[in-house]
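Breakdown of the fold
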Amino acid sequence: MTVPEVKVTRVLDTLHVLEVPIPFPMKTVTVTVDTAFPVTLIDTGIHTPEARAGLEAGLAQLGLTFGDVQRVIVTHHHPDHYGMAGVLEEAGAEIFVLDIEAGYGLTYWQGWDDWLPRLLAQMHANGLPPEMHDAQDRFHRFVRGMVVPARRWSTLSEGDTVELAGRVWQVLWLPGHADGHLALWQPGERLLLAADAILPRITPNIGLYAYSRPDPLKDYFNTLGRLAALAPGRAVVGHHGPVMEDVVERTAQLQAHHAERLDFLREAATETPGSAWKLSRVMFPRPLNEANLRFALAETLAHLEHLSLRGQLQKAEQDGVFIYSG
Ligand SMILES: [Zn+2]
C-alpha cells in the first residue's frame, strides 16, 4: 500500500480540512482539524489501511500525530465519518456526538449483533427478495469491518457551544441524512461545518432504516429550511468540497429534487401498487451493486413513508410485506 496523498486546506486560522480517502464513489471524506488547544478533529474517516495512513499523513502535515488529538466531534455515525472513532479514543481523545445520535445511529454500532438481523428483517418486510438476503448480509458485515466504535462518548445538544480556532461555535441539530446529524455554526464568520447535511454535486442520501426516526424526509425538509434561513457564506462539506459557497441555492435545488421524487413515487404507486423494494427498482432502474441497492431501498422507503404519514399513499401488509398504493 502506498500512502495516499491527502490535501490539506486552511479554512480559518488554526482550522484546516483534510481530504481523507474512502473506498466509496465520493473518493474522500472531509476531516476538519483545529490545531489549537484542545487539538480537535471533526469526523475521523473510515477504518481502512488507506484511510488510516491518509489521516496520519494529513495530520503529519500539520505537525500532529493521533496521540495529540484531544477531542473528536463526530457529525454522524456513518462509517466514513465515525469509523476511526475507537482508534482515536484508544490514542487518548474524548469522543463527542450529538445526544440524539447517541440514541439512534450510535446504537447501531453498539448493538450491531442485534441490529443486523433486525435491519435485514426490515428490508424483507419492505420487499427485499429472499434470494438477496445473503448478499445484503455480506455487505453489512463488510461495512462493519471498517468501523472501530468508540467505547465511551460524551454528548452535545442543540444550543450548546464549543470553542474552535479561538471562536465560539453553536452546536446545531440538522437531521435527515442521519437522525442525530450535528453541525457547527460560527455566526461572526458565517461559516458552517456542515458535513453531509448539505452537499454539492450529490444529494445526501435520505434513508429510512430499522433504527431511524419515523420520517427522515420531513426532518430533512426542516433542515433545508433552516439552512436557507441561516444562509452561510461558506460551508465545509463532507464530500466533493471541502468548501461550498452557494448553500442557499443548493437548498432550493435539493428541496425541488425531493419534491420531484415524491411526485414520481405517488404516481408510480397509484398506477402499480408495490413494496418499497419494487418501487425502488422503478425509481432506480439501472443495475446497482449491493451498496446502492441498499441505499435505493432506504431512500425510496423514506419517501413512501413521508407520503403515507401525510395521507397521500396507503400502506397495507400483504403476506408479510408492506405494499404502498394510491
Ligand atoms: Zn458521508
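Computed from a predicted model, the values in this text were never measured in an experiment.

Looking at the UniProt feature "domain: Metallo-beta-lactamase" (unreviewed entry) in the protein
Per the UniProt record, the feature "domain: Metallo-beta-lactamase" (unreviewed entry) sits at residues 26–239. Counting secondary structure, residues 26–239 comes out at 35% helix and 21% strand; the distance between its end C-alpha atoms is 6 Å.

Section: the nonpolar core
Formed by 83 residues in total, the largest nonpolar core has its most connected members in Val72, Ala85, Ala183, Ala194 and Leu297. It is helix 11 (residues 290–309) that provides the largest number of residues to this core, a total of eight residues. The contacts of Ala194, once residues within four sequence positions are left out, are Ala183, Ala235, Val236 and Val237.

So, the sheet that holds strand 12 (residues 234–237)
With mixed pairing, six strands are arranged side by side in an open sheet as 8-9-10-11-12-13. Of all the strands in the sheet, the pair left with one neighbour each is strand 8 (161–164) and strand 13 (243–244). Note: strand 10 (residues 182–186) against strand 11 (residues 191–195), three bridges, orientation antiparallel. By the bridge assignment for strand 11, Gln186 is matched with Leu191.

Digging into the environment of Gly127
Position of Gly127 among the secondary structure elements: in the loop between helix 6 (112–125) and helix 7 (133–144). Exposure remark for Gly127: the 21 C-beta atoms within 10 Å place this residue in the buried category. For the pair formed by Gly127 and Ala276, sequence separation is 149 residues and the distance between their alpha carbons is 6.4 Å. Sequence-distant contacts of Gly127, defined by excluding residues within four places in its chain, comprise Ser275, Ala276, Trp277, Lys278 and Val321.

Basis of the calculations
Sequence order sets the numbering: in each chain, residues are counted from 1 along the sequence as written. Given that this is a predicted model, residues contribute local features only at a pLDDT of at least 70 and side-chain atom pairs are listed and counted only at 80 or more, while totals for whole chains, interfaces and linings are drawn from all residues. UniProt positions are given in the numbering used here, feature names are shortened, and annotations may be inferred rather than shown by experiment. By the criteria applied, helices consist of DSSP H or I runs no shorter than four residues and strands consist of E runs no shorter than two, each listed in order from the N terminus. Joining buried Ala, Val, Leu, Ile, Met, Phe, Trp, Tyr and Cys residues through C-beta atoms within 7 Å gives a set, and that set is a nonpolar core. Residues with at least 20 other C-beta atoms within 10 Å of their own are called buried, those with 12 or fewer are called exposed, and the rest are partly exposed. The C-beta atoms themselves are positioned from the backbone. Contact between residues is assigned whenever the C-beta positions, reconstructed from backbone atoms, fall within 7 Å. Only strands joined by at least two bridges in the DSSP assignment are considered to pair.

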